[in-house]
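What the coordinates show
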Amino acid sequence: MHKKGLLWVVGFSAGLLVLSGCAHVISPQVRQQAAMNLSLEEVRRNPKAYKGKVVIWSGKILSGENKSDGTWLEILELPADRQGKPSSTTRSDGRFLAKASRFLDTALYAPNRLVTVAGTLTETEERRVGAVPLVYPVVTVLEMHLWPEEPLIVRDPYDDCGRYPPIWWRFYFGHGWCW
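First, a word on what this report is: a plain description of the structure on this page. Small disclaimer: the values here were computed from a predicted structure and weren't measured.

Re the overall build of the protein chain
Along the protein chain, the regular secondary structure elements total 4 helices and 5 strands. Along the protein chain, helices and strands appear, N-terminal first, in the series α-α-α-β-β-β-β-β-α. A total of 179 residues make up the protein chain; the buried ones form 29% of that total. Here the analysis covers contacts within the protein chain between residues at least 6 apart in sequence; of these, 59% occur between residues at least 24 apart. Carbon and sulfur atoms make up 58% of the accessible area of the protein chain, which totals about 11,900 Å².

A few points about unusual backbone geometry
In this model, Asn-112 sits at a positive phi of 80°, which is unusual for a non-glycine residue. Its place among the elements puts Asn-112 in the loop between strand E3 (95–100) and strand E4 (114–129). Owing to a relative accessible area of 57%, Asn-112 belongs among the exposed residues under this scheme.

Observations regarding the pairing of E3
In terms of strand pairing, strand E2 (residues 70–78) meets E3 through 6 bridges, oriented antiparallel. Looking across to E3, one finds that Leu-73 is bridged to Ala-98. One ladder, built from 3 bridges, connects E3 with strand E5 (residues 132–146); its direction is parallel. Paired with Ala-98 across the strands is Val-139, a residue of E5.

Focus on the pairing of E5
Direction of pairing for E4 relative to E5: antiparallel, over a ladder of 14 bridges. Across the sheet, Val-115 pairs through a bridge with Leu-146, a residue of E5. A loop of 2 residues connects E4 with E5, the two strands running antiparallel in sequence, and Gly-130 in this loop sits at a positive phi of about 70°.

Here's the deal with the sheet that holds E4
Strand order around the closed barrel formed by 5 strands is E1-E2-E3-E5-E4, with mixed pairing between neighbours. Within this sheet the neighbouring strands show an average axis-to-axis angle of 40°, counted without direction.

Focus on the nonpolar core
It is characteristic of soluble globular proteins that their nonpolar side chains tend to be buried jointly. Grouped together as the largest cluster of nonpolar side chains are 19 residues, with contacts concentrated most on Trp-57, Ile-75, Phe-96 and Val-117. The set of elements that each furnish at least two residues to this core consists of helix H3 (40–45), strand E1 (54–67), E2, E3, E4 and E5. What Phe-96 contacts, discounting residues up to four positions off in sequence, is Leu-40, Trp-57, Ser-58, Leu-73, Glu-74, Ile-75, Glu-77, Val-117, Tyr-136, Pro-137 and Val-139. Residues Val-30, Ala-34, Ile-56 and Ala-118 belong to the second largest nonpolar core, which totals 6 residues.

Let's talk about the packing of aromatic side chains
What the rule picks out here adds up to 1 aromatic pair. Across from the ring centre of Trp-72, 4.8 Å away, lies the NZ or CZ of Lys-67, which sits over that ring. Directly above the ring of Tyr-136 sits Arg-127, whose terminal nitrogen or CZ lies 6.0 Å from the centroid.

A closer look at the side chain of Lys-85
In this structure, Lys-85 sits in the loop between E2 and E3. A polar atom in the side chain of Lys-85 sits 2.3 Å from the side chain of Glu-150.

With respect to the pattern of salt bridges
Two side chains bearing opposite charge may form a pair once their charged atoms approach each other closely. Per the stated rule, a full pass over the model turns up 7 salt bridges. Note that Arg-113 and Glu-149 form a salt bridge whose closest N and O atoms lie 3.9 Å from each other. Taken as a pair, Arg-113 in the loop between E3 and E4 and Glu-149 in the loop between E5 and helix H4 (167–173) lie far apart in primary sequence, 36 residues in all. Relative accessible area serves as the criterion here: at 62%, Glu-149 is assigned to the exposed category.

Structural notes on the environment of Gln-83
Looking at where Gln-83 falls in the secondary structure, it is placed in the loop between E2 and E3. Considered as a pair, Gln-83 and Ile-26 are 57 residues apart in the sequence and their alpha carbons are 8.4 Å apart.

Conventions and cut-offs
- Residues take numbers from 1 onward in each chain, read along the sequence in its written order.
- Residue-level local features of this predicted model are given only where pLDDT is at least 70; pairs of side-chain atoms are given and counted only at 80 or more, and the full residue set underlies all totals for whole chains, interfaces and linings.
- For side-chain calculations, the full set of non-hydrogen atoms in the structure is used, while hydrogens and water are omitted.
- Secondary structure follows DSSP: runs of H or I at least 4 residues long count as helices, runs of E at least 2 residues long count as strands, and numbering of each begins at the N terminus.
- A 1.4 Å probe rolled over the protein chains alone gives each residue an accessible area, and that area as a share of the maximum for its type sets the label: buried under 20%, exposed over 50%, partly exposed in between.
- Throughout, a residue-residue contact means that at least one pair of heavy atoms, one from each residue, lies within 4.5 Å.
- Surface exposure here means Shrake-Rupley accessible area, sampled with a 1.4 Å probe, where a residue is shielded only by the protein chains that are shown.
- One bridge is not enough; two strands pair if DSSP finds at least two bridges between them.
- The convention used is that axes are lines fitted to C-alpha atoms, helices contributing only their stretch in contact, and that angles between N-to-C directions extend from 0 to 180 degrees.
- We call a set of buried Ala, Val, Leu, Ile, Met, Phe, Trp, Tyr and Cys residues a nonpolar core when their side-chain atoms join them within 4.5 Å.
- Only Phe, Tyr and Trp rings take part, Trp by its six-membered ring, and two of them pair if their centres are within 6.5 Å. Stacked means planes under 30 degrees apart, edge-to-face means over 60, and tilted covers everything else.
- Definition used: whenever NZ (Lys) or CZ (Arg) falls within 6 Å of the ring centre and also within 35 degrees of the ring normal, the charge is taken to sit over that ring.
- Contacts described as polar in this section are N or O atom pairs within 3.5 Å, which, within protein, must combine one atom able to donate a hydrogen with one able to accept it, while residues neighboring in sequence count only if both atoms come from side chains.
- Here a salt bridge means any side-chain nitrogen of Lys or Arg lying within 4 Å of a carboxyl oxygen belonging to Asp or Glu.

This is the structure:
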């Protein structure tokens, strides 16, 4: 193989790797069916108009319950990035219910886990949050992606340079600044 041909193959392969790392977690077939710009707020205002539509919503699991007809997850909707991963913001359009027809272990699908749900809007259910009644759109799950837990990073408050030894070591033995 010529040197130019080899470089082209390597470059093309690297490009595919980069692009595949940014792929959405929901399949293209389901994304084609989905009303991508349909917000939870719009559905809550007029649920009958959107019955049967396919949506893709992301969020944080608040609770889960296994019933005889499958697993029900209460999810706080959060805006998603290009991959469909919920972003950790303080903005949300509210809550929705995801109904999976199969058993999901609520030890894995646990509170505070991030999830992306693609499914069909089938009904609404009224539930209370404290003393406030809320209308929850119910999404019957076609596909769901549970995001891996991100490790909690605990930093040493005395490590001002981002590496060891700690600050007292530098003042005692060193120059008094990061080296």
